Amino acid sequence: MYVLGIESTAHTFGVGIVRDGEVLSNEKDVYKPETGGIIPTEAAKHHYALAAEITERALKRAGISLENIDLFAYSQGPGLLPSLKAGWVATRFLAEKFKKKIVGVNHCIAHIEIARMVTGFEDPVMLYVSGGNTQIVTYDKENRKYVVFGETQDIGVGNLLDKVGRKINLPFPAGPKIEELAKRGKKYLRLPYSIKGMDVSFSGMETFLSRIIAEEKIEDLCFSLQETAFSMLIEASERAMAYCKKDSLVIAGGVAANARLNEMGSIMCKERGAKFKFMKREYAGDNGAMIAYTGYLMKNYEQGDLRPKPSFRTDSVEILYR
Ligand code: AMP
Ligand code: MG
């Protein structure tokens, strides 16, 4: 069975193809604003303009044509409505043309499922860290739902990196550049460490950083930012592992590309005798393969409302495939 998955919740337009759950192709293009953050309508324009080209690239790489596709999956939310609509329009066009079924995939769950697939862990705690989202998720077998054990009370950690990056004139997305600069940081600056129970919050750190930006070296700012924000995330993840008695950790989402975050995760897991594996970079950020793969898992789902859901919660989906 061939599934074509479309991702378009925010900045990325991605198309992935899987055959019986095995990834054959994963093509994407990322909208990058010239200045400032994402403008949703501009991101959507980018997606509409590139939809056909990215789809063709994915098909070519997979060595198949649209006629071969048995099921179309798309990222139903959460995300920016204009961006989501672009994926929805493209998916509906293709599914109607080829008279095939559509499944609507929860974007956060797709990040988690592909991370589980890559690591092969049976029942991990999942730290899902991207631009707009930051969640610590576990799977509740009895209720067949992902449970959000902890999450950000304000902005996602990627968003924090991007906002701080903008203040020091780094292009979007700032995460990779901050990671490079942080390697040359020497002085640790004490930043607000904001963790309440299982939840974290980052806007205090952002405000604090903007006040000291002019006085400190950029490398030290980036270093301290990473050390503080990532420690908060790893602390909350460790607490979830201890509480739920789970012995493995998966880090998913765009920020999972960060080597220092992975290093911290691996140290924490080693100390408690738990398992940890690095995420493949190509599946860390938003991508179509994770949508196609999760769509494949959901192939037997009958869904009522397939329209985009900008506030689609991770813990609202019944997981019938596990
Ligand atoms: P996503 O929405 O899952 O594609 O994640 C995008 C976010 O990941 C953006 O906020 C990026 O700044 C962030 N990001 C990408 N690469 C890295 C990296 N190497 N280190 C930290 N953050 C990163
Ligand atoms: Mg994402």
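Predicted model, so just to flag it, every value in this text is computed and none were measured.

The rules behind the values
Residues numbered from 1 in each chain as written. Chains lettered and ligands numbered in written order. Predicted model: local features only at pLDDT ≥ 70, side-chain atom pairs only at ≥ 80, totals over all residues. Heavy atoms only, no water. Donors = N, O, S within 2.8 Å, 3.2 Å for Na, K, Ca; no water. Helix = DSSP H or I, 4+ residues; strand = E, 2+ residues; numbered from the N terminus. Near = heavy atom within 4 Å. Polar contact = N/O pair within 3.5 Å; in protein donor to acceptor, adjacent residues only side chain to side chain. Areas by Shrake-Rupley, 256 points an atom, 1.4 Å probe, with all protein chains shown as cover. 1 Å grid on protein atoms, 1.4 Å probe; cavity = no way out; pocket = protein on both sides within 12 Å on 5 of 7 lines; lining within 4 Å. Sits in = over half its atoms within 2 Å of the grid points. Nonpolar A, V, L, I, M, F, W, Y, C, P; charged D, E, K, R; others polar. Domains from an automatic or database assignment. Pairing = 2+ DSSP bridges. Axes fitted to C-alpha atoms, helices over the stretch in contact; angles between N-to-C directions. Contact = heavy atoms within 4.5 Å.

1. Digging into the coordination of the magnesium ion (ligand 2)
In an ideal tetrahedron of four donors about a metal, each angle is 109.5 degrees. In an ideal octahedron of six donors, the angles are 90 or 180 degrees. Taken together, His107 (NE2), His111 (NE2) and Asp286 (OD) make up the full set of protein donors to the magnesium ion (ligand 2), lying 2.0 to 2.4 Å away. Going along the chain, you hit the donors of the magnesium ion (ligand 2) in the pattern H-x3-H-x174-D. Separated by 175 residues along the polypeptide, His111 in helix 3 (residues 107-119) and Asp286 in the loop between helix 9 (281-284) and helix 10 (288-297) bring together distant segments of the chain.

2. Some words on the site of ligand 1
Around ligand 1, 19 residues are found, and the nearest of them are Asp162, Glu179, Gly254, Asn258 and Asp286. Within the side chain of Glu179, one N or O atom sits 2.8 Å away from a nitrogen atom of ligand 1. Contact distances for ligand 1 include 2.9 Å between an oxygen atom and a backbone N or O atom of Asp286. Considering ligand 1 on its own, with 500 Å² of exposed area, one finds that the protein chains cover 93% of that surface. When atoms are counted within 2 Å of each cavity's grid points, the one that captures over half of ligand 1 is the largest pocket. Listed by contribution, the elements that provide at least two residues to the shell around ligand 1 are helix 4 (157-167) and helix 5 (175-183). Partitioned by chemical class, the residues of the shell around ligand 1 number six nonpolar, 10 polar and three charged. Each of domain 1 (2-110 + 283-316) and domain 2 (122-276) gives at least three residues to the shell around ligand 1.

3. Focus on the sheet that holds strand 4 (residues 71-77)
Read from one edge to the other, the open sheet built from five strands follows the order 3-2-1-4-5, with strand pairing classed as mixed. Every other strand in the sheet has two partners, leaving strand 3 (22-30) and strand 5 (101-106) as the edge strands with one partner each. In this sheet, adjacent strand axes meet at a mean angle of 20° when their direction is disregarded. One ladder, built from six bridges, connects strand 4 with strand 5; its direction is parallel. The residue bridging Ser75 from the neighbouring strand is Val105, located in strand 5. Contacts from helix 1 (residues 40-62) reach strand 1 (2-7), strand 2 (12-19) and strand 3, with the element oriented near 150° to strand 3. Across the sheet, helix 10 is in contact with strand 1, strand 2, strand 3, strand 4 and strand 5; its angle to strand 1 comes to roughly 130°.

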